[in-house]
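Remarks on the overall topology
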Amino acid sequence: MSAQKNVTVRRIRNKMMLCYTLLLLAVIFFVCTYGFLTLRSTAYSEISEQIDAFDIGFCSAVNYFTETAESDCTAVMRDETLMSYNPVSSEYADYEAAQIKNDVRDRLLEISAGKSYNDFLLVFSDSTSVGKISTGASELINEKGFDGIAELLGESADGWLFGLSEKYQKIYYIRIINDNELFILSLYSEILSSALSFDNADSDNIYLLADSSDRIILSNSEDITSGEAIPKTYSDLFDYSDGDSVISDSYIGASLLTDCGWRVITLTETPALAKISPLTGSAIIGLTVIIIMLSLLTGFLACAKFTSADSLGKTDEFTDPITGTLNEYGLDESISELMETSIIGSTYAFILISIKDSENVTQHLSQRYRNSIVKGMTSICKDYFSDKESFIGRVNEDMTAVFANYSEFDIFKAHEKLKAGCEGLCRAFDGFVAEGSDLRLNISIGVCIYPDHAESFDELMQKSELALDKANMTDNSSFVIYDPADFESKEGSK
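So, here is what we can say about the structure in this document. Quantities reported herein were computed from a predicted structural model and do not represent experimental measurements.

Moving on, we get to the overall build of the protein. Counting its secondary structure elements, the protein contains 13 helices and 15 strands. Going through the 494 residues of the protein one by one, you find that 39% of them count as buried. Sequence-distant contacts in the protein: of pairs separated by 6 or more residues, those separated by 24 or more amount to 59%. A total accessible area of about 28000 Å² is found for the protein, and carbon and sulfur atoms account for 53% of it.

The structure is reproduced here in structure tokens:
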């Protein structure tokens, strides 16, 4: 009886242990599943709110841009000089017509001064026009005429239009003033891209700006081209074009309509963790491991994150984000440190490089081309000075600076070698153009020698800029080495 009783007790005990174990596993699974679903729902909600906020900001930026342009049109319509001019319904004497038209054109140019408009003009029912007009706008007027352009607006009195040319590069704003007169302004889509800071936009998100026909105007994705339809992968996510948010297995996104009828879309890929189902075996194992290891990993991951962030911050402080080389502060720090440790008798060249007539060139190029020019100059300098001890960086937005070692035992030989190096650098820029542009660019080089001409970074900059100004006076690529005898009187007058 005793043995039988012991066996029964053990069976009961084993059953209870199994029961408690299963119950504990069920509780753990329920808690983990509930926690996982709650975390995933919270993650969805937070990401969706962020994307909504990004899209609202995106939409507001576009509205501000279009409203600013429309306000210039309003200024035109409120100007008595401009509104009183109408060559169709008014008869002007021959001696008056040319002068009045010139006054109207000058007034239009005055209103558009400082803006990035490609066209800013009035068009009349006889297809004549006055104001700032490009070849593209002239071809549009010749092709469609006054009535054809007005028909593009449908029943509206004004509107923003895209895709009036095959290249899909321009955005047009057209407003009908009266039966005989309408107003046109246009600008390149790169100007809008710069205004929206697409180059600095969050690279993890996809930003799309499309017209009322769902043709892409701008996008930060290299795979999407202006003028093509919104990719079906993105357009199918939304039931409505305005005020619609979506959460799918692939993307979390938002879509809004701007005041001018364009569509702005912001998307981000759904995080991988949010795609996992809590009912799969791998998810159960993963959740269990996460709970066990969470306390150990939290401290490590947090420390690693802040350590890497601090390190990155120190690096970025002296790095130019466009070229990846030193910025002006980084050059100052590096060159000043080298000056303190350089050997007596050393010869270094501080070389300042800029494109000829830089202000005029950069004024007519988009931000993308201006960045391309700086990158191109930096790349050529890196290749040219690859065999020398040198520092290369970007200064004054559109200049490249090089501090290169030309030290020789014979100082005269060092100077000859430096001069030959500058001549070779000029040749290295032969055929230099901005990436994606046919505009050929000549460069100017101003050189200051350390320690012969200057003994600090500020003096090097000052004197090399004087030499650069002199080099800018020639037409072709050229260099000038600072000579105290040539610049002494100029510096004294300052």
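Next comes the rest of the description.
This paragraph deals with helix H4 (residues 135–151). Roughly 95° is the biggest bend found in H4, and it falls at Gly-145. Here H4 has its buried residues at Ala-137, Leu-140, Ile-141, Gly-145, Phe-146, Gly-148, Ile-149 and Ala-150. Tucked into the core, H4 has its buried residues touching strand E1 (119–124), strand E2 (129–132), strand E4 (170–178) and strand E5 (181–188).

Within the fold, Ser-186 resides in strand E5. Judged by its relative accessible area of 0%, Ser-186 is buried. Reaching out from Ser-186, the side chain makes a polar contact with the side chain of Asp-119 at a distance of 2.4 Å. Those residues in contact with Ser-186 that lie beyond four places of it in its chain are Tyr-117, Asn-118, Asp-119, Lys-170, Ile-171 and Tyr-172.

Rules of the game
Residues numbered from 1 in each chain as written. Predicted model: local features only at pLDDT ≥ 70, side-chain atom pairs only at ≥ 80, totals over all residues. Heavy atoms only, no water. Helix = DSSP H or I, 4+ residues; strand = E, 2+ residues; numbered from the N terminus. Buried < 20%, exposed > 50% of the residue type's maximum accessible area, 1.4 Å probe, protein only. Contact = heavy atoms within 4.5 Å. Areas by Shrake-Rupley, 256 points an atom, 1.4 Å probe, with all protein chains shown as cover. Bend = angle between axes of the 7 residues up to and from the residue. Polar contact = N/O pair within 3.5 Å; in protein donor to acceptor, adjacent residues only side chain to side chain.

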